[in-house]
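Survey of secondary and tertiary structure
Each chain is listed here by its residues.
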Amino acid sequence: MAQNIFQSGFGSFQAVATAGVDELMTIPGYDDPDKAEKLSNEAKALVAKYESEGVPVPTAPSVAKDKGSNVSAKEQADLLLKQELKKLEAEEE
């Protein structure tokens, strides 16, 4: 499920926490409003836990493409998938 969330463009649990239920319903497996709301509530609870403990919320690393522009989580996942597919093709040859 984490891969579905990441590939749908949510690169961190903070992004999930701030997204609306309608946005979360675009994630495969979360197309039901109740499931999407549960995911949102769990992400919000995790953010609140970090804040209540006074611990900085970890941030996802970003991958830079040409000249420092940031790549979205979905683009990053696509790039990693393409790299892995190239490796598999090379091994099969």
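Rules used throughout
- Throughout this document, residue positions are counted from 1 along each chain, in the order its sequence is written.
- With the structure being a predicted model, the display of local features is reserved for residues of pLDDT at least 70 and the display and counting of side-chain atom pairs for 80 or more, all residues being used for whole-chain, interface and lining totals.
- With hydrogens and water set aside, each side-chain value is computed from the structure's full complement of heavy atoms.
- Stacked, edge-to-face and tilted are the three classes for Phe, Tyr and Trp ring pairs, Trp counted by its six-membered ring, which pair at centre distances within 6.5 Å; planes under 30 degrees apart are stacked, over 60 edge-to-face, the rest tilted.
- In DSSP terms, a helix is any run of H or I states spanning at least four residues, a strand is any run of E spanning at least two, and both are numbered starting from the N terminus.
- Three labels apply to residues, based on accessible area from a 1.4 Å probe with only protein chains included: buried if under 20% of the type maximum, exposed if over 50%, partly exposed otherwise in between.
- Residue-level confidence of the predictor is summarised by pLDDT, bounded by 0 at the bottom and 100 at the top.
- Working rule for contacts: check all heavy atoms of both residues, and any pair within 4.5 Å makes them a contact.

1. Quick look at the packing of aromatic side chains
Each pair of aromatic rings is reported with the distance of its centres and the angle of its planes. Scanning the model with the defined rule gives one aromatic pair in all. Geometrically, the ring pair formed by Phe13 and Tyr50 is stacked, given 5.8 Å between the ring centres and 20° between the ring planes. Residue Phe13 is located in helix 2 (residues 13-18), and its partner Tyr50 is located in helix 4 (residues 33-53); the two are separated by 37 residues in the primary sequence. Overall, the relative accessible area of 23% leaves Tyr50 in the partly exposed class.

2. Re the confidence of the model for the chain
Residues of the chain with pLDDT of at least 70 account for 83%, and the chain-wide mean is 82. In the model, residues 63-68 has pLDDT below 50 throughout and makes eight contacts with residues more than four positions away in sequence or in other chains.

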